[in-house]
Structure formats: structure tokens, C-alpha cells
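Topology and contacts: notes
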Amino acid sequence: MSVPVFEESNVTTPISANPVDVLIVGGGIGGLSAAYALAREGLRVRVLERAREFGEVGAGLQIAPNCTRILHDYGLLDEAKSLGVVPQSMVMRDAVDGSELTRLDLVDLEREYGFPYMVIHRSDLHGIFLRACRRAGVDLITDAPVSGYENTPSGARVTLEDGRTDEATIVIAADGLHSVARGLIVKDEPVSSSYVAYRAAVPVGQAGREVDLSEVSVHIGPHCHFVHYGLRGGQMLNQVAVFESPKALAGEEDWGTPDELDAAFAETCEDVQAGIPLMWRDRWWRMFDRDPIMTWVQGNIALLGDAAHPPLQYMAQGAIMAIEDGWVLAKHVATRRAADGAIDWPGALAAYETVRPEHCRRVLTTARAWGELWHLDGIARLQRNALLRARDIYDYSFTDWIYGPTALTPEEEPPMFTPIALDSVPAADLAEASVGMATVR
Ligand SMILES: Cc1cc2nc3c(=O)[nH]c(=O)nc-3n(C[C@H](O)[C@H](O)[C@H](O)COP(=O)(O)OP(=O)(O)OC[C@H]3O[C@@H](n4cnc5c(N)ncnc54)[C@H](O)[C@@H]3O)c2cc1C
């Protein structure tokens, strides 16, 4: 196999005298969970994180059964449950009139898939993996921004911004949306959706209204949506308000500002409007993804998590996919270890790359389509609402492809759901209902 070289380095000041089998760049949820998965297999692992401290910025995360199944396998599910909330239902409502469109009975869903759907503060999930890594002996290094990667005859080497280097048999790049390592494989850029997310996580006493924390609540509306659920055993309320920025559409630099937040939700129902004043106004998250790529491995360097597959967040699967990546890779490592401990790394990386990119491609493209469906306006919004209302709430044909066991091989990957065309609801039947309906922008 020819060894592709991305960047030659002449500087060889090593970051550590202790050799490791695997170097992971990026200590987010993807990097730490992969580090833990591989350390559990007896590998020596080091994580290089650019920030001064390990941590997560943001608020809540939804984690579906395809993730809680893995947390259970890791022996971490009870800790996650003790820090998060296991809600009883997920309810989707129209953001304009507040009416219920459909729901998932999360108690039944747990019976169906064997593991719960839960919500947790992202810093709590990150902390679970950080502590697990420490217990497993992972070498955790902060203040280590990696700027270059190169394959070597015996493994791979990274170069830090300050010129120090580190090397291992395998380098895993879990360096997020703006991954440097992704440039080894493709010269692409993040794709702007023109949508922006505002978040808030506040003590529940500050909610200023009655909130049912047994629910994950999702209000979907024209060019906007609003999500809320409980965190930390119901002591905190998590909210996410997402909208399409007119300034972004107009090509302005300064987009997604708080004045746009207020305008975007001005015509929404009372329940949604009551949540908007709680949103943090000093920071917001512009929503980017990237087009799916099917090559994630370059010699002894592999992409993982958002570096490989940053999604729009509408499927709530970004962190989950990152956790699945590490779990799948570790399983393939485990089955490719000889009696003397030598690992068939090319085989393990090939198996990883045979199964994960296609799954993540499905999630990325479905997330884009799901977002479009959520944000419909006019007649199309009414057609969508009619389809969602007609859904049998115990019909799992739309979730089997994602909430079932994580596939280790392409053969295990479940078939996709069959989409229902909006036009199957005759527009003429809805035209009358739409007369006088305000277009929210
Ligand atoms: C509003 C919103 C809501 C979301 N909700 C959900 C949800 O409900 N469920 C879900 O599963 N997902 C959700 N996601 C997606 C999820 O947050 C991400 O997909 C996930 O955090 C990606 O993890 P990661 O570790 O791959 O990348 P990141 O979290 O981006 O971590 C990358 C790490 O690498 C470090 N790093 C970067 N560059 C370098 C470098 N050069 N050298 C060293 N270190 C570096 C960074 O400092 C960071 O620590 C949501 C996202 C958003 C924006």
C-alpha cells in the first residue's frame, strides 16, 4: 500500500516519551468515547485536545436507544441515567397553532428497542467519558492544537502548532466540524444552512411557566422550530430555538443576531413565545453541515465524529454517530487481534470504513430532509401536519433504521424507511384551511 503523505515535518520534539498505540486528536464526545472504547480493548491511547481544559460548551443532548445501548455495553448507562432525564414521551406540535401533530411513547419505545431514549446535559455526558478515560488509563493532554498529519512507514505522526510532534500506530482525528485532518481526504468546506440555534439551560424555577418535563417537546413551524426538555433529574430546563436567518439569506456577514430571533418567533403560539425570553442572547450557533463523504481513512489516519460526518442537528444523532464510530472501530479491533496481541489495523480500519460512512450518509441526508419538512410554510405545512397526524404513534417503521442495534457490517445495516410524499395529501382539501393563514418569517 502506498503511504500518502499530507504534510512533511522536520521538527521532532516529542510531546511525550511514553509510546501509545492510538493517538486521538480532539477531546470532544467523539474523541473521548473512542478513546475509552479502545482503552477497554487494552490499547494504550492518548488524546490531544486543543483547548486548555476538557469540556463542552452548550446545553442538552438527546440520546436515543442506539446510543444508550452502547452506554450500557460500556457500563456507563446507569451513571448517565442518574445525571439525565428519561422522559415518557416526545411530542411534536405545530409552532403556529400549538396543536399536537404526533408523538413517540418513549416507555413503549424502550420496550421496542430494549434501551431508553434519554436527555442529558452535554457536559455531563462528556464528563462521564472523561472520568471513564481516566479510570482506563488514557493519557489526556490539553493545550495541544494539532496542525499537521503525516503517515509514516510504521504508523502516523501529528505536528502541533508549536512544532512538537507525536506518533502512534494509528491516529484518529476527532477534531470536529472544522477538522484539519479532513483535508487529507477531501477539499470541502462546511455548508451553511442559513439556520441558527439559540440555546438556554436554566433552573426549572426560572422557566416562568408550567412545563411538563415528562416530555421532550418539539414545536415545528415555518422557518423555525423550538425544542424543550428537562435536564439533571428535572432540575433544569433545556431549550433550543432554531430559525432561518433572513440576513444569512441576503448574504450579510452579521447573521443570526438576537433581533432576528425575536422576529422569527413573533407569530408562534403562546407556549413557544413564553420560552424565547429565556434564550441566551450573548452566543448563538450557526448551523453548518458538510456533504457526506465515503472515504474516512487515509493510510493510518482515520476520521471520526463530526470530522467525518457533521450533520444538521434535526435527527439529534451527531454525538450519537460519533459514539457509535468509536464503538464500531473498537469491536473490529477486538476481532482482529492475534494471539500475540498484534492487531490487523488495515483490516480493522477497512471494516470501519465499510460500514460507518453509509450509515452516516443516511443520517446526514435525512437530517437535511427532516429539517426542510419541519420548516415548511403554506399548503405544504398543512400537508405535512395531515401526514403527521395520520401516523399511528406505535408505528416504528420510521425509527427502526436508526434506533436498532448499531451495525458492524453493511449486511447488518437495516433498510431505510419508505418516505411518504407530501402530495399524497391533496392540496385542494387543505386550501380552504389555509385562507388567512399568516406566513411566519
Ligand atoms: C444545537 C445543536 C443541538 C444538537 N443536539 C444533538 C442531540 O440532541 N443529540 C446528538 O447526538 N447530537 C446533537 N448535536 C450534535 C453534536 O453536538 C455533535 O455532533 C457532537 O458534539 C460532535 O462531537 P465530536 O467530538 O465529533 O466533535 P466536537 O464536539 O466538535 O469536538 C471536537 C474536539 O476537537 C477539538 N479540536 C478541534 N480542532 C483541534 C485541533 N486542531 N487539535 C486538537 N484538538 C482539536 C475541539 O476543541 C473539540 O474538543 C447537536 C448539535 C447542535 C449544534
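Our structure's up above, just so we're on the same page.
Residues numbered from 1 in each chain as written. Predicted model: local features only at pLDDT ≥ 70, side-chain atom pairs only at ≥ 80, totals over all residues. Heavy atoms only, no water.

All right, on to the pairing of strand 12 (residues 215-221) then. Within a regular strand, side chains alternate between the sheet's two faces. Most of strand 12 is tucked away: seven of the seven residues are buried. Going residue by residue along strand 12, you find Glu215, Ser217, His219 and Gly221 tucked away on one face and Val216, Val218 and Ile220 tucked away on the opposite face as well. Taken together, the six bridges between strand 4 (residues 89-94) and strand 12 define a ladder with parallel strand orientation. Bridging from a neighbouring strand, Met90 pairs with Val216 of strand 12. Where strand 12 and strand 13 (residues 224-231) come together, five bridges link them in antiparallel fashion. (Buried < 20%, exposed > 50% of the residue type's maximum accessible area, 1.4 Å probe, protein only. Helix = DSSP H or I, 4+ residues; strand = E, 2+ residues; numbered from the N terminus. Pairing = 2+ DSSP bridges.)

Unusually for a residue other than glycine, Arg232 sits at a positive phi of about 50°. Within the secondary structure layout, Arg232 lies in the loop between strand 13 and strand 14 (236-244). Given the relative accessible area of 31%, Arg232 is considered partly exposed. Of note in this structure, Ala316 is not a glycine but carries a positive phi near 50°. With respect to the helices, strands and loops of the structure, Ala316 is situated in the loop between strand 17 (301-303) and helix 9 (318-334).

The next point concerns the packing of helix 1 (residues 29-40) against helix 5 (residues 122-135). Contact geometry of helix 1 with helix 5 gives a least axis separation of 9 Å together with a crossing angle of 30°. In terms of orientation, helix 1 lies roughly parallel with respect to helix 5. Between helix 1 and helix 5 the crossing geometry is left-handed. Within the contact between the two elements, helix 1 uses Ile29, Leu32, Ser33, Ala35 and Tyr36 and helix 5 uses Arg122, Leu125, His126, Phe129, Leu130, Ala132 and Cys133. (Axes fitted to C-alpha atoms, helices over the stretch in contact; angles between N-to-C directions. Parallel < 35°, antiparallel > 145°, perpendicular 65-115°, else oblique. Left-handed = near helix turned anticlockwise from the far one by under 90°. Contact = heavy atoms within 4.5 Å.)

On to the pairing of strand 14. With nine of nine residues buried, strand 14 is to be regarded as a mostly interior element. Linkage of strand 13 to strand 14, two consecutive antiparallel strands, is achieved through a turn of four residues, within which Arg232 is found at a positive phi near 50°.

Counted according to the given criterion, the structure contains 30 salt bridges. Between Asp94 and Arg384 there is a salt bridge, with the nearest N and O atoms lying 3.7 Å from each other. Taken together, the residues span a long stretch of sequence, with Asp94 in strand 4 and Arg384 in helix 11 (residues 378-390) at a distance of 290 residues. For the pair Asp94 and Arg384, one class covers both residues: buried. Overlapping salt bridges bring together Asp94, Asp97, Arg381 and Arg384 as one network. (Salt bridge = Lys/Arg side-chain N within 4 Å of Asp/Glu carboxyl O.)

Every one of the 31 residues lining the ligand counts as a neighbour, but Gly30, Glu49, Gln62, Arg122 and Asp306 are closest to it. One of the backbone N or O atoms of Arg50 is found 3.1 Å from a nitrogen atom in the ligand. Interatomic distance of 3.3 Å between a backbone N/O atom of Gly318 and a nitrogen atom of the ligand. Burial of the ligand by the surrounding chains reaches 87%, relative to a free accessible area of 1,000 Å². The set of elements that each furnish at least two residues to the shell around the ligand consists of helix 1, strand 3 (60-63), strand 11 (191-203) and helix 9. Broken down by class, the residue content of the shell around the ligand amounts to 13 nonpolar, eleven polar and seven charged. (Near = heavy atom within 4 Å. Polar contact = N/O pair within 3.5 Å; in protein donor to acceptor, adjacent residues only side chain to side chain. Areas by Shrake-Rupley, 256 points an atom, 1.4 Å probe, with all protein chains shown as cover. Nonpolar A, V, L, I, M, F, W, Y, C, P; charged D, E, K, R; others polar.)

Now for the packing of aromatic side chains. Each aromatic ring pair is described using two quantities: the centre-to-centre distance and the angle formed by the ring planes. One pass over the structure, following the stated rule, counts 15 aromatic pairs. Ring centres of Tyr113 and Tyr396 lie 5.8 Å apart, and the angle between their planes is 75°; this geometry places the pair in the edge-to-face category. With Tyr113 in helix 4 (residues 106-113) and Tyr396 in the loop between helix 11 and helix 12 (400-403), the pair connects residues that are 283 residues apart, well separated along the chain. Comparing Tyr113 with Tyr396 shows no difference in burial state: the two are buried. The interplanar angle of 20° and the centroid separation of 5.5 Å between the aromatic rings of Tyr198 and Trp284 together place this pair among those described as stacked. Of the two residues, Tyr198 is situated in strand 11 and Trp284 in the loop between helix 8 (270-275) and strand 15 (285-289); the sequence distance between them amounts to 86 residues. Chaining the aromatic ring pairs together yields one cluster made of Tyr198, Phe226, Phe243, Phe265 and Trp284. (Phe/Tyr/Trp six-rings, centres within 6.5 Å; stacked < 30°, edge-to-face > 60°.)

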